[in-house]
Amino acid sequence: MMSSFAHLSLQEISIRLTMVPVIAAGLIGFARFRYLPLNMRYLALLIGFVLPLNALGFVFMLQHRNNLFLMPVYAVGEFWLLALVYGRSLQSAAFTRMMPWLVAGFAAYALVDSLLARAELAYFRPGQQVIQSVLVLGFVGLYFRKVLQELRIEHLRREPMFWVSAGLFIYFAGYLQIALFSNYLLYYSDRLNMSIWAVHSLLFIVLYCCYCVALWLSPRK
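For clarity, every value in this text was computed on a predicted model and none was experimentally measured. (Residues numbered from 1 in each chain as written. Predicted model: local features only at pLDDT ≥ 70, side-chain atom pairs only at ≥ 80, totals over all residues. Heavy atoms only, no water.)

Asks: Please clarify how the overall build of the chain should be interpreted in this entry.
Replies: Each helix and strand in the chain was counted, giving nine helices and zero strands. Long-range contacts, defined as pairs at least 24 residues apart, comprise 75% of the intrachain contacts of the chain with a sequence gap of at least 6. (Helix = DSSP H or I, 4+ residues; strand = E, 2+ residues; numbered from the N terminus. Contact = heavy atoms within 4.5 Å.)

Structure, rendered in structure tokens:
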């Protein structure tokens, strides 16, 4: 195992390590599912959804095959399940009414965008990722607004949704920059391309480490 990593660069190693926290989060979610509140059960289902897609994409990457066709399915499923997580956590009537329209609108956009770009699915198309990032950052903003308004949480570090929201903020704030500027930067060199996606891998690892903490914490009484 060590010899297989010896010839890899630091960027290549970070990309290959992305599956580790996803598997860890999946195991924690499976083991603790019956004890989790409903919002964290939705999070566990989210991890169960993305785990096989990440594994398939990882295998395609090792085989030097294109895996970008998975991105629309991944984005829509992830957004839908995150909407359920935040719908349960915010307990806002307005958000609950708006949530189906947001999910359906994003799914329709992803479908149309993918159908119109069938010949270009081998290339990174950032539109879906930009919109998803902005919407999820909106969810995070609503959660932190609720926390600041109510001031009912005594120990924020013991609150699972704090870790979920902190991880999502770090990931999507960074991923939004990658999605906006990557198609311009990727033309410069393969090394820059690798560095950009290594940064994405580190953001992804941080996100799923935060998911692990959220799923591990005892439900708030």
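Asks: Looking at this structure, I do not really get helix α6 (residues 93-116). What am I missing?
Replies: Three- or four-residue spacings in an α-helix give side chains the same orientation, since the helix completes a turn every 3.6 residues. In this model α6 runs 35 Å from its N-terminal to its C-terminal C-alpha over 24 residues, within 8% of the 34 Å that 1.5 Å per residue would give. Taking the largest bend as the criterion, α6 deviates by roughly 30 degrees, centred on Met99, and proline Pro100 comes between one and four positions later. For α6, the complete set of buried residues consists of Phe95, Met99, Val103, Phe106, Ala110, Asp113 and Ser114. Packing partners of the buried residues in α6 comprise α5 (71-90) and α7 (127-150). (Expected span 1.5 Å × (residues − 1). Bend = angle between axes of the 7 residues up to and from the residue. Buried < 20%, exposed > 50% of the residue type's maximum accessible area, 1.4 Å probe, protein only.)

Asks: Mind showing me how you'd approach the nonpolar core here?
Replies: Generally speaking, soluble globular proteins have nonpolar side chains that are buried together. One finds Leu43, Tyr86, Val164, Leu168, Tyr208 and Tyr211 to be the most contacted residues of the largest nonpolar core, which totals 48 residues. Contributions of two or more residues to this core are made by α3 (19-32), α4 (38-62), α5, α6, α7, α8 (160-185) and α9 (190-216). When near neighbours in sequence (up to four residues on either side) are disregarded, Leu168 contacts Leu82, Tyr86, Val136, Leu137, Val140, Ala173, Leu207 and Tyr211. (Core = buried A, V, L, I, M, F, W, Y, C linked by side-chain atoms within 4.5 Å.)

Asks: Would you mind going over the packing of α3 against α4 with me for this structure?
Replies: Running from N to C, α3 and α4 point in directions that differ by 145 degrees, and their axes come no closer than 9 Å. Once α3 is placed against α4, the crossing between them reads as left-handed. For the pair formed by α3 and α4, the contact residues are Met19, Val22, Ile23, Ala25, Gly26 and Gly29 on the first element and Ala44, Ile47, Leu51, Asn54, Ala55 and Phe58 on the second. Across the contact of α3 with α4, the residue classes tally to nine nonpolar, three polar and no charged. (Axes fitted to C-alpha atoms, helices over the stretch in contact; angles between N-to-C directions. Left-handed = near helix turned anticlockwise from the far one by under 90°. Nonpolar A, V, L, I, M, F, W, Y, C, P; charged D, E, K, R; others polar.)

Asks: Before we go on, may I ask you to explain the confidence of the model for the chain in this structure?
Replies: Parts of the model with low pLDDT should not have their predicted coordinates read in detail. Of all residues in the chain, 83% have pLDDT values of 70 or greater, and the mean over the chain is 85. In the model of the chain, helix α1 (residues 2-6) stands out as the element of lowest mean pLDDT, 48, in contrast to α5, which has the highest, 95. Every residue in residues 1-5 is under pLDDT 50, and counting partners more than four places away or in other chains gives two contacts. (pLDDT = per-residue confidence, 0-100.)

Asks: Sorry if this is basic, but what is going on with unusual backbone geometry here?
Replies: Most peptide bonds adopt trans geometry, and most residues besides glycine take a negative phi value. Even without a glycine there, the phi angle at Gln91 is positive, about 50 degrees. Tracing the backbone shows Gln91 in the loop between α5 and α6.

Asks: Would you mind going over the packing of aromatic side chains with me for this structure?
Replies: Here a ring pair, both rings aromatic, is described through the centre-centre distance and the interplanar angle of the planes. Taken as a whole, this structure holds 13 aromatic pairs when the rule is applied. Pairing Tyr208 with Tyr211 gives two aromatic rings, centres 4.9 Å apart and planes at 75 degrees, and the pair type is edge-to-face. Of the two residues, Tyr208 and Tyr211 are both situated in helix α9; the distance of three residues between them amounts to about one turn of the helix. Residue classification places Tyr211 among the buried residues on the basis of a relative accessible area of 0%. Among the aromatic residues, those joined into a cluster by ring pairs are Tyr171, Phe172, Tyr175, Phe204, Tyr208 and Tyr211. (Phe/Tyr/Trp six-rings, centres within 6.5 Å; stacked < 30°, edge-to-face > 60°.)

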